[in-house]
Amino acid sequence: MLALDHLAIWTEERDGLAARLSDLTGLPVLDGFFPEGRRVARGVRFAGGAFVDLHQVDQSGGQVFLGLRGDVEAVERLAVREGWRVRSGRWREANDGSPWSMLTFRRDHGVLNRVFVIEYGPRPQAWGSPVFDQPLYDAGNAPAAGATLRRVWLSTPDPKASGQALEALGFAPSGEVETAFEPFAGKLYRGAAGDLVLAPGETEAVIRFDLTGPGPPMYGPFGERLVLTIGETP
């Protein structure tokens, strides 16, 4: 039902992280959110279409969210069946020119509070605002080959409930995975285009993302709240 679309990261280190990701993958840095002629967001788009969207903030402890691409109306219907409280908006009704429909989960929904669902409007109808019609958000800029977003790891104090939520969203439980790097182990949930891994933790958070790539495995911190691995095969 849903596919990994992008990581939305608010950070003090936007330009440095974008350049580092570009150096590691060989893929270009692209401009994103551009209000009033100010470059607020930059990032890198991977083969397969997923991307990292880095927003500059002036204080430490930036937030990280996982965007899942899919049909917002279908997830609204799912939310009714599951008893989830959600809020959503359509691109046709947006007063800021945003070219996508989006659904977020209200408070107290565990791991789902680190996730949102996005559905892109058609071109050219939805893409009239230069604030949003930037290279990073154009799926046509996905490279034909290169690094892909393989997995995103989320921590949760309630793996059972979080797993049930991911299953409801269409991710299939596929056993345990072990890794040489923190958090060392988790439960795998396979998706149509990239997988999720749940690991026990004190809070719900997006904690790590894994890219495919050549060469020996690489691991390191990425901003204030994330770690990145490239090339590891748990």
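Residues numbered from 1 in each chain as written. Predicted model: local features only at pLDDT ≥ 70, side-chain atom pairs only at ≥ 80, totals over all residues. Heavy atoms only, no water.

Trainee: Lay out the pattern of salt bridges with the relevant residues and their values.
Mentor: A side chain with one charge can pair with a side chain of the opposite charge if their charged atoms come near. Here the structure, examined in full by the defined rule, presents 12 salt bridges. The partner of Arg 90 in a salt bridge is Glu 73, and the shortest N-O contact between them spans 3.9 Å. Here the residue Arg 90 occupies a position in the loop between strand E6 (86–89) and strand E7 (100–105), and Glu 73 occupies one in helix H2 (residues 72–82), the gap between them amounting to 17 residues. Across the pair Arg 123 and Asp 133 runs a salt bridge, and its minimum N-O distance is 3.2 Å. A residue pair is termed long-range when its members are at least 10 positions apart, and Arg 123 in the loop between strand E8 (115–120) and strand E9 (149–156) and Asp 133 in the loop between E8 and E9 qualify at 10 residues. The exposure class of Asp 133 is partly exposed, given its relative accessible area of 33%. When salt bridges that share partners are traced, they join Arg 14, Asp 15, Asp 31, Arg 39 and Arg 42 into one network. (Salt bridge = Lys/Arg side-chain N within 4 Å of Asp/Glu carboxyl O. Helix = DSSP H or I, 4+ residues; strand = E, 2+ residues; numbered from the N terminus. Buried < 20%, exposed > 50% of the residue type's maximum accessible area, 1.4 Å probe, protein only.)

Trainee: Could you give an account of the sheet that holds strand E11 (residues 185–190), naming the residues involved and the relevant values?
Mentor: Spatial strand order, E10-E11-E12-E9-E13-E15-E14: 7 strands in an open sheet with mixed pairing. Every interior strand has two partners, whereas the edge strands, strand E10 (172–178) and strand E14 (218–222), have only one. Strand after strand, the sheet turns through a mean of 25 degrees between neighbouring axes, direction not considered. As paired elements, E10 and E11 share 5 bridges and run antiparallel to each other. In the sheet register, Glu 178 faces E11, and the bridge partner there is Ala 185. Taken strand by strand, helix H1 (residues 14–25) contacts strand E13 (205–211), E14 and strand E15 (226–230), and its axis lies near 170 degrees from that of E14. Helix H3 (residues 159–168) rests against E9, E10, E11 and strand E12 (195–200) of the sheet, and its axis sits at about 170 degrees to E12. (Pairing = 2+ DSSP bridges. Axes fitted to C-alpha atoms, helices over the stretch in contact; angles between N-to-C directions. Contact = heavy atoms within 4.5 Å.)

Trainee: Can you break down the nonpolar core residue by residue, with the values?
Mentor: Proteins that are soluble and globular tend to have nonpolar side chains buried together. One finds Trp 84, Val 152, Phe 171, Leu 196, Phe 209 and Phe 222 to be the most contacted residues of the largest nonpolar core, which totals 46 residues. Those residues in contact with Val 152, other than ones at most four positions away along the chain, are Leu 4, Leu 7, Leu 66, Asp 195, Leu 196, Val 197, Val 206, Arg 208 and Phe 209. Counting 14 residues, the second largest nonpolar core, distinct from the first, contains Ala 41, Phe 51, Trp 91 and Trp 127. (Core = buried A, V, L, I, M, F, W, Y, C linked by side-chain atoms within 4.5 Å.)

Trainee: Go over the pairing of strand E3 (residues 41–45), please, and point to the residues and values.
Mentor: On any regular strand, side chains alternate: one points to one face of the sheet, the next to the other face. Burial of E3 is extensive: 5 of the 5 residues sit out of reach of the surface. Of the two faces of E3, the one lined by Ala 41, Gly 43 and Arg 45 and the one lined by Arg 42 and Val 44 are each fully buried. Pairing geometry for strand E2 (residues 30–31) and E3, over 2 bridges, is antiparallel. The residue of E3 that forms the bridge with Asp 31 is Arg 42. Sheet analysis places E3 next to strand E4 (residues 51–56), joined by 5 bridges and oriented antiparallel. Looking at the pairing, Val 44 lines up with Val 52 of E4. Here E3 folds back onto E4 in antiparallel fashion, the turn holding 5 residues, of which Gly 48 has a positive phi close to 95 degrees.

Trainee: Tell me about the environment of Asp 138, and name the residues and values.
Mentor: Topologically, Asp 138 is positioned in the loop between E8 and E9. Overall, Asp 138 belongs to the partly exposed group, its relative accessible area being 25%. A sequence separation of 108 residues divides Asp 138 from Leu 30, and the C-alpha atoms of the two residues are 9.9 Å apart. Excluding residues within four positions of it along the chain, Asp 138 makes contact with Arg 45 and Arg 123. Polar contacts involving the side chain of Asp 138 include one to the main-chain amide nitrogen of Gly 140, which spans 2.9 Å. (Polar contact = N/O pair within 3.5 Å; in protein donor to acceptor, adjacent residues only side chain to side chain.)

Trainee: Residues and numbers for the packing of aromatic side chains, please.
Mentor: Within this structure, the stated rule accounts for 11 aromatic pairs. Centre to centre, the rings of Trp 10 and Phe 65 are 6.2 Å apart; their planes meet at 85 degrees, and the pair counts as edge-to-face. Separated by 55 residues along the polypeptide, Trp 10 in strand E1 (residues 3–11) and Phe 65 in strand E5 (residues 64–69) bring together distant segments of the chain. Relative to Phe 105, the ring of Trp 84 has its centre 5.7 Å away and its plane inclined at 80 degrees; by these criteria the two rings are edge-to-face. A residue pair is termed long-range when its members are at least 10 positions apart, and Trp 84 in the loop between H2 and E6 and Phe 105 in strand E7 qualify at 21 residues. The class of Trp 84 is buried, set by a relative accessible area of 13%. One Lys or Arg, Arg 114, reaches over the ring of Phe 65 and ends 4.4 Å from the middle of that ring. The ring centre of Trp 127 lies 3.9 Å from the NZ or CZ of Arg 123, which sits over that ring. (Phe/Tyr/Trp six-rings, centres within 6.5 Å; stacked < 30°, edge-to-face > 60°. Lys NZ or Arg CZ within 6 Å of the ring centre and 35° of its normal.)

Geometric descriptors of this kind do not, in isolation, establish any biological role.
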